[in-house]
Every structure is written in C-alpha cells, then in structure tokens.
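Here is what each chain is made of, one letter per residue.
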Amino acid sequence: VAASKEQIRNLAALAGDASAGARLIARIDAALAAAAPADGESVATLLWQPGGIVAGEQTLVSDLLVRTGFANAAPARGLSQADYVALEDVVAAPPEVLLIAGGELGQSHPVLGRLGDMHRARFDTSLLYCGGPTIIRAAERLAAIRAAALATSSMSCIRPGPSLTSHGPLGGLAAARRARISATPCSVVSGSDLAANRSRRNASTSAIRSGAPAMGR
C-alpha cells in the first residue's frame, strides 16, 4: 500500500496535479480505516488465484488482507508468491476463509461446499493486481467478506460433538448454519475443543508442507 501511494504521488506530480493525488490517497486511507477490524483478530485466509496459485507475503493484496483483518495462510503452508495449491490441499487443511479469485475446475468443486469449518467467498480478479482506486474497492470487498463470515457464525447455533470443528472467531461455519434456529438449547464449544481443532488444522498444514499424507480430520 505504501508503494502504491508513492506511485500515486509521482504520477500526480508528473501530471501537474499533486492535489488530485493527495485526494486519492485520502480516499484510500479512509477506506482502509473503515475496513480495519475493531476486534483486532486475524482470520486465517487462503487467497486462491487464477491458475490455482496463491499470493505471497510481499504483494499488495497480502498487505490488504492484513489491514482488513485477515492473515495470509499461504506462508504457514510453506507457500510463496505464485505457488500452486491443489484442491486436495485445501480439502486436507481448510483455511478459516477461502477467497476464490480464479475459475479453475477445482476452485468450483462441490466438495468445497461440504467443508463445514470454512467460509468461502468470491474475490474478483480485478481487485488483485492494480493499486490506486482499486485499493478502495478491494478494502470494501474484504471488509464485507469478513463481516459476512463472522455474522454467519454469530447468528448460528453451534452444537459441540465429534463431527463439529470450530476454528477461532469464525467457528464451524457450515456446521453452524445447519444448526441455526433450533428449539433445543445450544451448548458452548469449550476452549479445549478449540485448541484440539486448531492442533488438527496445524498438523494437516504441516503435513502438506512436508509432503507427508495429511492427518485425518
């Protein structure tokens, strides 16, 4: 984001209208401030781009993820810029949020809708590559995705059990949707359940990084 702002200043100066650049930067700053999460929590997110590749840490979109309350899950999987992620890798270790910005066959596979502990959302490819005004639209979209994911969890009734997994602030999103608005009182998932499920997720991610078979979920 800082580099994009510098580019805006330089282009505005070359065009002889430095004030226009300053106004755009002010709009960007306002959009990022509005999209920043009040809770300060980071949601583990995998951005699955065209061609099945992921975004590295030193990219504009990765910076935007951090600023809007997400954490790029690619580095934790041993992945860097433009590394390929197969459908099987996502299924073996689902992130808390999966952002799909591509149109590959695996990126629309029905199995993704059956991963009960993962929120899935589309992210337009036009928001990936360019700075400037695009930053504003990208920040607004990411904030909306995060709010929808959290709302899905908070408005749902989550029941503990051997088939329910819960990960961080999002909880078992699909499982929560299935249990929504029930007449039977709900119980709270315990901290030990949360820790155990995070351990399983970490084990699966470690297996992917090492090339070993993923641990069963």
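Up top is the structure these notes are about.
The following refers to the structure shown. Note that the structure is a prediction, hence the values are computed from the model and not measured.

Side note on the side chain of Gln 49
Part 1: As for its placement among the helices and strands, Gln 49 is situated in the loop between β1 (43–48) and α3 (60–67).
Part 2: Taking the relative accessible area as the measure of exposure, Gln 49 reaches 5% and is therefore buried.
Part 3: Apart from residues no more than four positions distant in its own chain, Gln 49 is found in contact with Val 54, Ala 55, Ala 101, Gly 102, Gln 107 and Leu 128.

Some points on the sheet that holds strand β2 (residues 70–72)
Part 1: Read across the open sheet, the four strands follow the order β2-β1-β3-β4; overall the sheet is parallel. Edge strands, defined here as strands with exactly one partner in the open sheet, are β2 and β4 (119–122). Between one strand axis and the next, the sheet turns by 30 degrees as a mean value, whatever way the strands run.
Part 2: For β1 and strand β3 (residues 97–100), the ladder comprises four bridges, and the chain directions are parallel. Looking at β3, one finds that Leu 46 is bridged to Leu 98.

Section: the pattern of salt bridges
Part 1: Tallied over the entire structure, the rule returns four salt bridges.
Part 2: Between Asp 29 and Lys 5 there is a salt bridge, with its nearest N and O atoms 2.4 Å apart. Of the two residues, Asp 29 sits in helix α2 (residues 18–35) while Lys 5 sits in helix α1 (residues 2–14), which places them 24 residues apart along the sequence.
Part 3: Judged by relative accessible area, Asp 29 falls into the partly exposed class, the value being 33%.

Quick notes on the rules
- Residues numbered from 1 in each chain as written.
- Predicted model: local features only at pLDDT ≥ 70, side-chain atom pairs only at ≥ 80, totals over all residues.
- Heavy atoms only, no water.
- Helix = DSSP H or I, 4+ residues; strand = E, 2+ residues; numbered from the N terminus.
- Buried < 20%, exposed > 50% of the residue type's maximum accessible area, 1.4 Å probe, protein only.
- Contact = heavy atoms within 4.5 Å.
- Pairing = 2+ DSSP bridges.
- Axes fitted to C-alpha atoms, helices over the stretch in contact; angles between N-to-C directions.
- Salt bridge = Lys/Arg side-chain N within 4 Å of Asp/Glu carboxyl O.

Just distances and angles here, no functional claims.
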